[in-house]
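Listed below, chain by chain, are the residues.
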Amino acid sequence: MLSQKLQDAINEQINKELHSEYIYLSIAAYFMSRDLDGIANFFIVQTQEEHFHAMKLFNYLIDRGGTVVLKEIAAPPTSFNSALEAFEKTLEHEQFITKSINDLMDLAIKENDHSLVSFLKWYVDEQIEEEATASRLVNRLKITGDTGPGLLILDSELAKRTFTPPASEE
Ligand code: FEO
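Residues numbered from 1 in each chain as written. Predicted model: local features only at pLDDT ≥ 70, side-chain atom pairs only at ≥ 80, totals over all residues. Heavy atoms only, no water.

Examining the environment of Leu 141
In step 1: Note on placement: Leu 141 falls in helix α4 (residues 114-144).
In step 2: Overall, the relative accessible area of 2% leaves Leu 141 in the buried class.
In step 3: Once the C-alpha coordinates of Leu 141 and Tyr 60 are considered, the two residues, 81 residues apart in sequence, prove to be 37 Å apart.
In step 4: Setting aside chain neighbours within four positions, we find Leu 141 in contact with Ala 83, Leu 84, Phe 87, Leu 151 and Leu 154. (Helix = DSSP H or I, 4+ residues; strand = E, 2+ residues; numbered from the N terminus. Buried < 20%, exposed > 50% of the residue type's maximum accessible area, 1.4 Å probe, protein only. Contact = heavy atoms within 4.5 Å.)

What follows is the structure in structure tokens.
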């Protein structure tokens, strides 16, 4: 049985993943308002990933006999000065989530909960990709700038992104 402390920490992480979904939905709206539907698509797919991250924790908590306690989801930022700023906020947020996952892992290790340690490894690995993707796009945006053909090329590339749940979860 999960300790109450671990249950609380998992519920906090569920809230952070749902907040991530909300942040990326807001960023998608920003790009849609600029008619950059391909970049918006990238963020819509990201919302699906974040929902998946939240539900994976949700289901784990239920499977371990814990209690899911959903909390208020904080409002996301609603205005961005440029495409670069939106991607910089994405990278910053993913770095924050990585720290949060690492803190949760530290707690699981401290409490000697082997099952949770094993389960959280997926998130530790996932955060490498989350940060790398955001970092690569920040660098691309620094090259293309906020207007001009480079941004449209990026928009076409990101229009192709689709959500694929990990095979083990299908
Ligand atoms: Fe759920 Fe983007 O980390």
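Back to the write-up after that little detour.
As for the packing of helix α2 (residues 37-63) against α4
In step 1: The interhelical angle for the contact between α2 and α4, taken along N-to-C directions, is 170°, at an axis separation of 12 Å. For the element pair α2 / α4, the angle class is roughly antiparallel. Residues Phe 42, Gln 46, Glu 49, Glu 50, Phe 52, His 53, Lys 56, Leu 57 and Tyr 60 of α2 form the contact with α4, whose own contacting residues are Ser 115, Leu 116, Phe 119, Trp 122, Tyr 123, Glu 126, Glu 130, Thr 133 and Leu 137.
In step 2: Looking at the contact of α2 with α4, its residues break down into nine nonpolar, four polar and five charged. (Axes fitted to C-alpha atoms, helices over the stretch in contact; angles between N-to-C directions. Parallel < 35°, antiparallel > 145°, perpendicular 65-115°, else oblique. Nonpolar A, V, L, I, M, F, W, Y, C, P; charged D, E, K, R; others polar.)

Things to note about the layout of surface pockets
In step 1: Taken as a whole, the largest pocket encloses approximately 170 Å³ of empty space.
In step 2: When residues in the lining of the largest pocket are grouped by element, the largest group, five residues, is from α4.
In step 3: In the lining of the largest pocket, the residues fall into four nonpolar, one polar and five charged. (1 Å grid on protein atoms, 1.4 Å probe; cavity = no way out; pocket = protein on both sides within 12 Å on 5 of 7 lines; lining within 4 Å. Points joined across faces, edges and corners; volume = space filled by probe spheres on them.)

Focus: the side chain of Glu 50
In step 1: Within the secondary structure, Glu 50 sits in helix α2.
In step 2: This buried residue, Glu 50, is left without a salt bridge; Arg 161 holds the nearest opposite charge, at 7.7 Å. (Lys, Arg positive; Asp, Glu negative; His and termini not counted. Salt bridge = Lys/Arg side-chain N within 4 Å of Asp/Glu carboxyl O.)

A look at a nonpolar patch on the surface
In step 1: Side chains of Tyr 22, Leu 25 and Ile 73 sit close together on the surface and give an oily, nonpolar patch of about 250 Å² of accessible area.
In step 2: Its location among the elements puts Ile 73 in the loop between α2 and α3 (83-110).
In step 3: Here Ile 73 falls in the partly exposed class, since its relative accessible area comes to 33%. (Patch = residues over 30% accessible without salt bridge, like charges linked within 9 Å, V, L, I, M, F, W, Y side chains within 5 Å. Areas by Shrake-Rupley, 256 points an atom, 1.4 Å probe, with all protein chains shown as cover.)

Regarding the pattern of salt bridges
In step 1: A full pass over the atoms with the stated rule returns six salt bridges.
In step 2: Residue Glu 49 pairs with Arg 161 through a salt bridge whose shortest N-O separation is 3.4 Å. Here Glu 49, found in helix α2, pairs with Arg 161, found in the segment after α5 (149-158); they are 112 residues apart in sequence, far enough to count as distant.
In step 3: Note that Lys 99 is salt-bridged to Asp 103, the shortest N-O span being 2.8 Å. Here Lys 99 pairs with Asp 103, and both are found in helix α3, just four residues apart, close to one helical turn.
In step 4: Accessibility expressed as a relative area gives 38% for Asp 103, which makes it partly exposed.

Thoughts on empty space enclosed by the protein
In step 1: Following the criterion strictly, the structure yields two cavities of 30 Å³ or more and no others.
In step 2: In this model, the largest cavity occupies a volume close to 80 Å³.
In step 3: As for the largest cavity, its lining consists of Phe 42, Phe 43, Gln 46, Thr 90, Glu 94, Glu 129, Glu 130, Thr 133, Ala 134 and Arg 161.
In step 4: For the lining of the largest cavity, the secondary structure elements donating two or more residues are α2, α3 and α4.
In step 5: In terms of residues, the lining of the largest cavity owes the most to one element, α4, which gives four residues.
In step 6: Per-class residue counts for the lining of the largest cavity are three nonpolar, three polar and four charged.
In step 7: Computed from the structure, the second largest cavity encloses a volume of approximately 30 Å³.
In step 8: As for the second largest cavity, its lining consists of Asn 11, Ile 14, Asn 15, Leu 18, Val 69, Leu 70 and Lys 71.

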